[in-house]
Amino acid sequence: MKKDATTVRADGAPPLAADPPIRLVRVGGSVPVDPAPGTVVVRLLGAPEWTVDGTPVAISDARAAVLIAMVALDGPLPRMQAAEIFWPLAKGTGRANLRVLLHRLQHATGTKVFGTGERLALLPHVQVDLDGTDADIVERCVTSGASTARLLSGIDLGDLPEASRWLSGARGQLEQRLLQGHIAWLEAHPDANDLPRANAVAESLIALDPLCEIGHRELMRVRVQRGDRAGALAAFERCKRELREHLGASPDPKTTALHREILRVRDLDTAQAFPGSPPPSRRPLLQREHELADMDKAFAARRVVIVEGPSGAGKTALLMQFARQRNGFYWAAEPADANGALAGLVRLTAHVATVVAPDGGSSPVTGALALLKRLQQLEPELIVGSRLAEGVAMVSDVLQRAGYRAVLIDDVHLLDDVSLDVLSRVMHASWDLMPWCDFVLAYRPMRARRKVRMLCEKLAMDGRLRLIHPSALKREAVLQLLAGQPGIDLRQMEAAGRLVALSGGTPGVLVELVELGVSLTPAGDLVSLPPQVRSILLERLRSCSSTADGLAQLASVAGSSFSVELAAAIAGLSSWKVAEKWNELLLAGVFSARGFAFPLMELAVRESVPDAVRQFMHGEVAKALDRQGAGPERLAYHWRQAGDSARAVQHGRAAAAACLQAGELAGAIDALETAVAIPNGVLGDGHAVALLQLAALCLQADRLDQITELLEAAARSPSTGLERGVCTALGGRTLFAMGQHAAARTALLSALPMLVESPSLHRAVACWARLASLRAGGPADDDAAPSLDDLPKTWVWDADTAQVQTPEDGRRCVEALQRGA
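Each value, and the rule that gives it
- Residues numbered from 1 in each chain as written.
- Predicted model: local features only at pLDDT ≥ 70, side-chain atom pairs only at ≥ 80, totals over all residues.
- Heavy atoms only, no water.
- Helix = DSSP H or I, 4+ residues; strand = E, 2+ residues; numbered from the N terminus.
- Buried < 20%, exposed > 50% of the residue type's maximum accessible area, 1.4 Å probe, protein only.
- Contact = heavy atoms within 4.5 Å.
- Areas by Shrake-Rupley, 256 points an atom, 1.4 Å probe, with all protein chains shown as cover.
- Core = buried A, V, L, I, M, F, W, Y, C linked by side-chain atoms within 4.5 Å.
- Phe/Tyr/Trp six-rings, centres within 6.5 Å; stacked < 30°, edge-to-face > 60°.
- Expected span 1.5 Å × (residues − 1).
- Axes fitted to C-alpha atoms, helices over the stretch in contact; angles between N-to-C directions.
- Parallel < 35°, antiparallel > 145°, perpendicular 65-115°, else oblique.
- Pairing = 2+ DSSP bridges.

For the protein chain, the helix and strand inventory stands at 36 helices and 13 strands. Burial analysis of the protein chain (821 residues in total) assigns 50% to the buried set. Of all intrachain contacts in the protein chain linking residues separated by at least 6 positions in sequence, the fraction that spans at least 24 positions is 68%. In the structure as shown, the protein chain presents an accessible area of about 36,800 Å², 53% of it carried by carbon and sulfur atoms.

Formed by 64 residues in total, the largest nonpolar core has its most connected members in Val 42, Leu 44, Trp 50, Leu 67, Phe 86, Phe 114 and Leu 152. Apart from the residues lying within four places of it in its own chain, the contact partners of Val 42 are Glu 49, Trp 50, Ile 59, Ile 68, Val 126, Gln 127, Val 128 and Asp 129. Residues Leu 526, Leu 551, Ala 622 and Ala 648 belong to the second largest nonpolar core, which totals 58 residues.

We now examine the packing of aromatic side chains. Per the stated rule, a full pass over the model turns up 8 aromatic pairs. Both rings, one in Phe 299 and one in Phe 322, keep their centres 5.0 Å apart while their planes meet at 85 degrees; by these two values the pair is edge-to-face. Highlighted residues: Phe 299 in helix α10 (residues 289–300) and Phe 322 in helix α11 (residues 315–326), separated in sequence by 23 residues. You can call Phe 322 buried: its relative accessible area is 0%. With centroids separated by 5.5 Å and ring planes inclined at 80 degrees, the aromatic side chains of Phe 329 and Tyr 404 adopt a geometry described as edge-to-face. One end of the pair, Phe 329, is in strand β9 (residues 329–332); the other, Tyr 404, is in the loop between α15 (386–401) and β10 (406–410), and 75 residues separate them in sequence. Given the relative accessible area of 1%, Phe 329 is considered buried.

What follows is about helix α31 (residues 687–700). The terminal C-alpha atoms of α31, which comprises 14 residues, lie 20 Å apart, in line with the 20 Å expected from a rise of 1.5 Å per residue. With 14 of 14 residues buried, α31 lies mostly within the body of the structure. Asp 702 sits one or two residues past α31 and shows a positive phi near 60 degrees.

Contact geometry for helix α16 (residues 417–428) and helix α18 (residues 450–461): axes closest at 9 Å, N-to-C directions at 10 degrees. Judged on the interaxial angle alone, α18 and α16 are roughly parallel. Along its contact with α16, which presents Asp 417, Leu 420, Asp 421, Ser 424, Met 427 and His 428, the element α18 presents Lys 451, Val 452, Leu 455, Lys 458 and Leu 459.

This next bit is on unusual backbone geometry. Here Leu 152, not a glycine, exhibits a phi torsion of approximately 50 degrees, which is positive. Following the sequence through the fold, Leu 152 ends up in the loop between α4 (134–144) and α5 (161–188). Given a relative accessible area of 0%, Leu 152 falls into the buried group. One non-glycine residue with positive phi stands out, namely Gln 287, at about 50 degrees.

With that out of the way, let us pick up the pairing of β9. Working note: regular strand, side chains alternate between the two faces of the sheet. Burial along β9 is two-sided: Phe 329 and Trp 331 and Tyr 330 and Ala 332, pointing in opposite directions, are all buried. Here β9 pairs with β10 via 4 bridges, running parallel. Note on β10: the bridge partner recorded for Trp 331 is Ile 409.

Structure, rendered in structure tokens:
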């Protein structure tokens, strides 16, 4: 059955319109060219599909998809070899099966795909995405995400050993090709002017192979070039974590040398009157007038400002801008600052020393730095004392003499506990020790150590706290980013509001989306989630506990079915524990009160779940929903995503039955179309019945063009004699509807011997045979058809048997026979 790939949606929404995607702006990369009319464009990367005249259609037959991939990658294939690969047990009928497959391909695309001759070869008008250059495939991977770069995603040919071995080997070769292509791009652009594109390629390489240190190193370099030194250091920590968790190893010398260089090198842009101030911003600060005004008021009232927000909320940009306005000393903590007692304070003091004495000369800070290093040798509980706090205050006096009037410390959640304790003492005594100095701190709430929370509570009790949460950006911010870009039209400007809704107005995400030139579908969804955006969003999840992480993954899989009760039933947790983890995710910016904080957050989490884990979770969700008495449509969706096609079809038929009982014929057809649209093309138990029921409904709805394909698919699926009889009878009914009454009578009579197991169905088909005979101008065969008195008065839809005679179809037959009598 020809079916648009976009018609199967988790939320049950109608198919997307065939409008072109909305493009905000394109940065780098090649622009796709529209194919010539009549061209068949075959996509083998990701879920297989072909596009004919702009209409994408999923390739539901696994053999057809693999055959096209074989010929595209390995060249012409002898027909006999193809028959032996795909029908190894056919016993001489393999060539005939191959001809049927090629005929179905031609029927589905409306044109020939393979040429004639003894060797199968793709015709010139067939374009395959694998035919492109390595740069083209890398572009596809970067644009659409690494998850779409798997060859024939969702295809499994476990029952065909030779084809399965070929597919496994081809996937491995393609993976190596992708890795080498990414590395070649990065090596060819060592000083890329297009930093967003370089960042995307590095993120894509890491997504393909998280253990590839080349990708991690390039990401660190790109982030340093973009002025994101903290992001570069976070990339190193991510590399360390991946290697430790998967290999139990540490980064190689090249990676650690780059890390040391980033730690050592200062930004050259800071060579100005106030060396400790942040460099000039490369982007405008968007919609932060209210926050800056609040910070000014807090300073006027001598309060300590604490900026709280998750990853990407814009804390760093806000602190840097305020530091530039106030001649403030800005410093950001780094992941390595939590590696030992006083580690953060030592690095802060060393940084102050370089600011006040750039030539490396002696200063009061030098002695303080030596003292701190000696104190690091002591036990943590012996370090903190009043003299240490006074020493820190003495260091701050050096900053006062250098002209600073405020100290701004970013990412304080990364500091070690001892440094946080010292910082807390300084904050508490700042009016006495540093009357000239105001403080601004920023942190991520769920990554905050206990000391940070204690600091906030103490300042609040003293009435000295001003807590600021950066607000979400609005549509005008996107328009401000787009200002000055060439080719901005009204349609693109209207998409700005949708971008804000998708991202929740998260500044870090919005800026990346606009700079990368993302595409929106006509329905307003992202065509794909860029890797760097995914990384920003998943940083929020990494700050949570493993239980909260698992809860978020489960919520992304369950979708609208997710609830506290469902999570408790699946995870074996109490409702109280689930609520606790929900609150943890809420504070981290992953969840809101009703679910995910915004759509892209949900998409990022869902894409982070491995395919095997996602399938398992869908199965567990389906079981839990079944126990809760959920509707058949939701159960069918989750079983289909779990890979259990038999259960998916069973519940899909039940959903169709419910639609019919409600008088919704179109809804019943949609439910069955979804049930039989199996991604890997493997038909199992129950498919024959579902296909026959769908054919009956299409007949009732006068959709005669779909019936032939449905009956062919039913004939290929496992079936009983009764199901074969139903298939033949439906073919006869189709002929009857087309006005070919003589041929219909022949087909209907030939189906009768196979329908003896179902007396009601046998009588109904016999009535149609009698009516076809009357319409053909011949006498009714009274031996073949019962009298009208013997016909059933009611007709029912049974979702669990082979009964496919619909109520409306049965009534029409009775009425027609009564009129004929």
